[in-house]
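Spelled out, the chains give:
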Amino acid sequence: MSNLTTIIILTDIGFSKRDYDRFGIEILAKRHQVEILDLTEWLSPNYWKVYPEKIFKCPGYKKILSYDDLESAISSKNIINVVDYLSSDKAYSVLNYVKKRKLSITKILSGFLLENKRTFLEFLHKLFFLCFTPKILFKKFIKRLKKKEIVFSSYDYLVVGGKREMNNALIKKAKKVIKSHSLDYDLFLSLKEKKISNNLKSYAVFLDQNIPFHPGAIFRGEKPKTTKEKYFPALNNFFTLFENKTGLEVIFAAHPRSRYDLYPEFLYGRKYFLLKTPELIRDSKIVLLHTSTALSFAILFNKPIIFLTSNEYQKSYDDFRINSYARSMNSLLFNIDEKNINSKIPSNNKIYFFDKEKYAEYKNNYLKFPKTPEKKSWEIFLDNISN
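Cut-offs applied
Residues numbered from 1 in each chain as written. Predicted model: local features only at pLDDT ≥ 70, side-chain atom pairs only at ≥ 80, totals over all residues. Heavy atoms only, no water. Helix = DSSP H or I, 4+ residues; strand = E, 2+ residues; numbered from the N terminus. Buried < 20%, exposed > 50% of the residue type's maximum accessible area, 1.4 Å probe, protein only. Contact = heavy atoms within 4.5 Å. Areas by Shrake-Rupley, 256 points an atom, 1.4 Å probe, with all protein chains shown as cover. Pairing = 2+ DSSP bridges. Axes fitted to C-alpha atoms, helices over the stretch in contact; angles between N-to-C directions. Patch = residues over 30% accessible without salt bridge, like charges linked within 9 Å, V, L, I, M, F, W, Y side chains within 5 Å. Salt bridge = Lys/Arg side-chain N within 4 Å of Asp/Glu carboxyl O. Arc of directions from axis to C-beta. Polar contact = N/O pair within 3.5 Å; in protein donor to acceptor, adjacent residues only side chain to side chain.

Description of the overall build of the protein chain
Next, step 1: Along its length, the protein chain carries 17 helices and 13 strands.
Next, step 2: Every one of the 387 residues in the protein chain was classed for burial, and the buried ones make up 51%.
Next, step 3: A separation threshold of at least 6 residues defines the contact pool for the protein chain, and within that pool the share at least 24 residues apart is 73%.
Next, step 4: When the accessible surface of the protein chain is split by element, carbon and sulfur atoms take 54% of a total near 19,500 Å².

See the structure below:
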């Protein structure tokens, strides 16, 4: 490679083959050397202990366990840019350390999740349960204070994936804002022209979030939103009713960090697929979900969406987020614990309704900044930092 400039990617949530793809390593490597500095074991040791995915050790991958390792990795190199994918509480100090080396830092702003807007009754419901768990209430308060203290604000580049992020407080202090689109839009561009390749009959796809087992709860020091003893039986019961009512088989788009090979009994014999979520959504008739960020693919492929909540979920720290999302998208919402839920599942074409205006609004706000070129987001990024 004639160009010896280097792009550094910082991560503290592990590094899988999926991360290799979404971080655009192959695109970046066409113009620059790329090094992935994995700080997970150092900055997020509890998360590292339960991290279920295999580390993808591609060329340029390095494990960083201390400031000495970090110094060694960023010194004596012609580094053109450092991409920040850190999310731990210690990220602030690491980014300041990098900034003192006078290196250019980029943050990708492409949050897919809608704002959580509770009704007044939902707020009272949440407050009621927090009063019975003062430790959680105190922890949430402290977490908010810490979040305000550790915000890193002096990014050189901010890559904006939609209009909504233009309201982000980081925008005002950035040297340059790159209007682009979300990384999911990259996958959409790759998939929309490909033919359907699976042999499944008409089906609805459930966007699994591996809630009772998700390591993210451990990463944040929180309990899972639901328990496996209550969640999976209720989910199975609802899916059985849904299948009987609609004639659609329910397929699991398994969360990338799930291990249903170790606990298949929770699927009750239903099919599941790993790392096939965008394709499964594209070829489905209906998408069932809680708050999965893969909602973006349902929007892009114009698939009807149905939100699912539960009694446990509504009492969790995520509380009525699902209800808020359903209202924002003008979509159906079912509580899988509700006793008479079968009578509320439509058996006609109402089940396939989706609000086209809401979908277009979501796309512009979260997935693709209007009038950006139909090319990969990492190519847009490279064009801007090169210029």
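Details of the sheet that holds strand S3 (residues 61-63)
Next, step 1: Pairing is parallel across the open sheet formed by 7 strands, whose spatial order is S3-S2-S1-S4-S5-S6-S7. A single partner strand is all that each edge strand has here, and the edge strands are S3 and strand S7 (176-179). Neighbour to neighbour, the strand axes of the sheet diverge by 25 degrees on average, direction disregarded.
Next, step 2: Note that strand S5 (residues 105-109) and strand S6 (residues 157-160) share 4 bridges and pair parallel. Looking across to S6, one finds that Ile108 is bridged to Val159.
Next, step 3: Of the strands in this sheet, strand S1 (6-11), strand S2 (33-38), S3 and strand S4 (79-85) are in contact with helix H5 (residues 67-74), which crosses S2 at around 175 degrees.
Next, step 4: Where helix H6 (residues 91-100) meets the sheet, it contacts S1, S4 and S5, and its direction lies at approximately 140 degrees from that of S5.

Details of a nonpolar patch on the surface
Next, step 1: A cluster of nonpolar side chains, contributed by Tyr272, Leu274 and Leu275, occupies part of the molecular surface with about 270 Å² of accessible area.
Next, step 2: Turning to its location among the elements, Leu274 is positioned in strand S10 (residues 272-274).

Observations concerning the pattern of salt bridges
A side chain with one charge may pair with a side chain of the opposite charge, provided their charged atoms come close.
Next, step 1: Counted by the stated rule, this structure contains 19 salt bridges.
Next, step 2: One salt bridge connects Glu71 with Arg101, and the closest N-O pair in it is separated by 2.9 Å. Of this pair, Glu71 sits in helix H5 while Arg101 sits in the loop between H6 and S5, placing them 30 residues apart in sequence.
Next, step 3: Exposure remark for Glu71: the relative accessible area of 27% places this residue in the partly exposed category.
Next, step 4: Look at Arg101 and you get partly exposed, because its relative accessible area is 33%.

Observations concerning helix H16 (residues 356-367)
Next, step 1: Buried within H16 we find Tyr359, Tyr362, Asn365, Tyr366 and Leu367. Each buried residue of H16 lies within a common arc of 145 degrees when the element is viewed along its axis, so the set occupies one face. Turned more than 90 degrees from where H16 packs its buried face, Lys356 and Glu357 sit exposed.
Next, step 2: Buried residues belonging to H16 abut helix H9 (183-191), helix H13 (295-300), strand S12 (305-309) and helix H15 (321-329).
Next, step 3: For H16, the capping residue at the N-terminal end is Asp355, with a side-chain oxygen 3.1 Å from the backbone nitrogen of Glu357.

Observations regarding the sheet that holds S10
Next, step 1: In spatial order, the strands read S10-S9-S8-S11-S12-S13; together these 6 strands make up an open sheet with parallel pairing. Both outer strands of the open sheet, S10 and strand S13 (332-335), are each paired with one neighbouring strand and no more. Along the sheet, successive strands turn relative to each other by an average axial angle of 25 degrees, direction set aside.
Next, step 2: When strand S8 (residues 203-207) meets strand S11 (residues 286-289), the two strands line up parallel, connected through 3 bridges. What sits directly across from Ala204, in S11, is Ile286.
Next, step 3: Contacts between H15 and the sheet are confined to S12 and S13, with S12 contributing the most and set at about 160 degrees to the helix.

A word on unusual backbone geometry
A negative phi angle characterises most non-glycine residues, just as the trans form characterises most peptide bonds.
Next, step 1: With a phi close to 60 degrees, Lys102 is a non-glycine residue in the positive phi region.
Next, step 2: Inspection of the secondary structure assignment puts Lys102 in the loop between H6 and S5.
Next, step 3: Look at Lys371: it is not a glycine, yet its phi comes out positive at around 70 degrees.
Next, step 4: As for its placement among the helices and strands, Lys371 is situated in the loop between H16 and helix H17 (377-386).

Treat this as a map of the structure, not an account of what it does.
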